[in-house]
Amino acid sequence: MKTTYDPKPEILLLQRIADPGMERLEKHFNVVDIWDSPAPERDVQSHAETARGVLVGAQKGLTPAQVEQMHSLEIISLHGVGLDRVDIDHARRRGLRIAYTPDVLTADVADMGVGLMMSTLRRLPQGHHFVKAGHWADGNQPPLTRSLTGKRLGILGLGRIGHAIATRAEAFGMEIAYTNRSPRKDLPYRYEPNLHRLAAWSDVLMVAAASSPACRPWSMIACWPPLVRKAFSLTWDVASLSMRTR
């Protein structure tokens, strides 16, 4: 009996991706699809000697223990943005390549951030429910809301997404300052090295920092009540601002 040899490298698919992406993967690789397996750990072990790559969601990532199971692994491809779910130092020691998709979702995340800010200040969800409940048709007027124009926006983390948020906020006539691990000399915004002072100055404090060990103290500080209650004397539910830091 003649054995058929598949020259295409084997990769494990731990997250389903869109059909065009699947077609490209299957053209160049032997794709082992285990993203919906009832026993993914068992399936990973069964391909530990043959799988040369893993494609996994950036929000899920791979633990060092999972990486150690795969003896032929050469590359971890993260479907999404962010590297905080992969131990970079461990991967480097193993000589692994790590691929991800910076900038692919930058504009979308910035749009959502500005949308949330506008929704909060303009109370858009409340306005929607006001109209839906028939109050507008009855001749009632909703409460006045606040404009973004002229407000002070503090940004915690002026990376790709923070910068994209700042450029959008400029279009609304907002004044911008930021806290970062270091000043961005290529940008015109005011740098404030102290997060407490930035929060005290800001009308709106936008957190655009990565959930990583280097930024984790920022993320926790940003959730302290004295800071998050600054915005227009609103009392924020601190629990709703908690970030995934583990």
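Residues numbered from 1 in each chain as written. Predicted model: local features only at pLDDT ≥ 70, side-chain atom pairs only at ≥ 80, totals over all residues. Heavy atoms only, no water.

Draft legend 1. Broad picture of helix α5 (residues 106-122). Compared with an ideal rise of 1.5 Å per residue, which puts 17 residues at 24 Å, α5 spans 24 Å between its outermost C-alpha atoms and is within 8% of the ideal. In the core, the buried residues of α5 are packed alongside α6 (124-132), β6 (152-156), α7 (160-171) and β9 (204-207). Of the residues trailing α5, Arg123 is marked for its positive phi of about 50°. (Helix = DSSP H or I, 4+ residues; strand = E, 2+ residues; numbered from the N terminus. Expected span 1.5 Å × (residues − 1). Contact = heavy atoms within 4.5 Å.)

Draft legend 2. Looking closely at the sheet that holds β6. Strand order in the open sheet made by the four strands is β8-β7-β6-β9, with parallel pairing throughout. Among the strands making up the open sheet, the edge pair consists of β8 (190-191) and β9. As paired strands, β6 and strand β7 (residues 175-179) are joined by five bridges and run parallel to one another. The residue bridging Gly154 from the neighbouring strand is Ala177, located in β7. (Pairing = 2+ DSSP bridges.)

Draft legend 3. Main features of the side chain of Ser119. Note that Ser119 resides in helix α5. Taking the relative accessible area as the measure of exposure, Ser119 reaches 18% and is therefore buried. Beyond its immediate stretch of four places on either side in the chain, Ser119 contacts Leu124 and Pro125. (Buried < 20%, exposed > 50% of the residue type's maximum accessible area, 1.4 Å probe, protein only.)

Draft legend 4. Region of interest: the sheet that holds strand β5 (residues 97-99). Taken in spatial order, the five strands of this open sheet run β2-β1-β3-β4-β5, and their pairing is parallel. The open sheet has two edge strands with one neighbour each: β2 (30-33) and β5. Averaged over all pairs of adjacent strands, the angle between their axes in this sheet comes to 20°, without regard to strand direction. Inspection of the sheet shows strand β4 (residues 75-79) paired to β5 by three bridges, in the parallel sense. When the bridges of β5 are listed, Ile75 appears paired with Arg97. (Axes fitted to C-alpha atoms, helices over the stretch in contact; angles between N-to-C directions.)

Draft legend 5. Focus on the nonpolar core. Ranked by internal contacts, the top residues of the largest apolar core, which has 19 residues, are Met117, Leu153, Ile155, Leu158, Ile165 and Tyr189. Of all the elements in the fold, those that place two or more residues in this core are α5, β6, α7, β7 and β9. The contacts of Tyr189, once residues within four sequence positions are left out, are Leu158, His163, Ala166, Thr167, Glu170, Ile176 and Tyr178. Membership of the second largest hydrophobic core comes to 18 residues, among which are Leu12, Ala51, Leu62 and Ala91. (Core = buried A, V, L, I, M, F, W, Y, C linked by side-chain atoms within 4.5 Å.)

Draft legend 6. Representation of the environment of Asn30 within the structure. Looking at where Asn30 falls in the secondary structure, it is placed in strand β2. It is 8.6 Å that separates the C-alpha atoms of Asn30 and Pro7, two residues lying 23 residues apart in sequence.

Draft legend 7. Broad picture of the confidence of the model for the chain. On average, residues of the chain score 84 in pLDDT, and 83% of them reach the 70 mark or higher. Across the chain, the secondary-structure element scoring lowest on mean pLDDT is helix α10 (residues 225-228), at 41, and the one scoring highest is β8, at 97. Here residues 222-246 is a poorly scored stretch, pLDDT under 50, and it has 44 contacts once near neighbours within four places are set aside; other chains count. (pLDDT = per-residue confidence, 0-100.)

Draft legend 8. Quick look at the pattern of salt bridges. As enumerated under the stated definition, the model contains 13 salt bridges in all. A salt bridge links Asp89 to Arg92; the nearest nitrogen and oxygen atoms lie 3.9 Å apart. With Asp89 and Arg92 both in helix α4 (residues 88-93) and three residues apart, this pair spans about one turn of that helix. The partly exposed category is assigned to Asp89, whose relative accessible area is 46%. You can call Arg92 exposed: its relative accessible area is 62%. The closest approach of N and O atoms between Asp103 and Arg160, which form a salt bridge, is 3.3 Å. Residue Asp103 is located in the loop between β5 and α5, and its partner Arg160 is located in helix α7; the two are separated by 57 residues in the primary sequence. Asp103 gets classed as partly exposed once you look at its relative accessible area, which sits at 48%. (Salt bridge = Lys/Arg side-chain N within 4 Å of Asp/Glu carboxyl O.)

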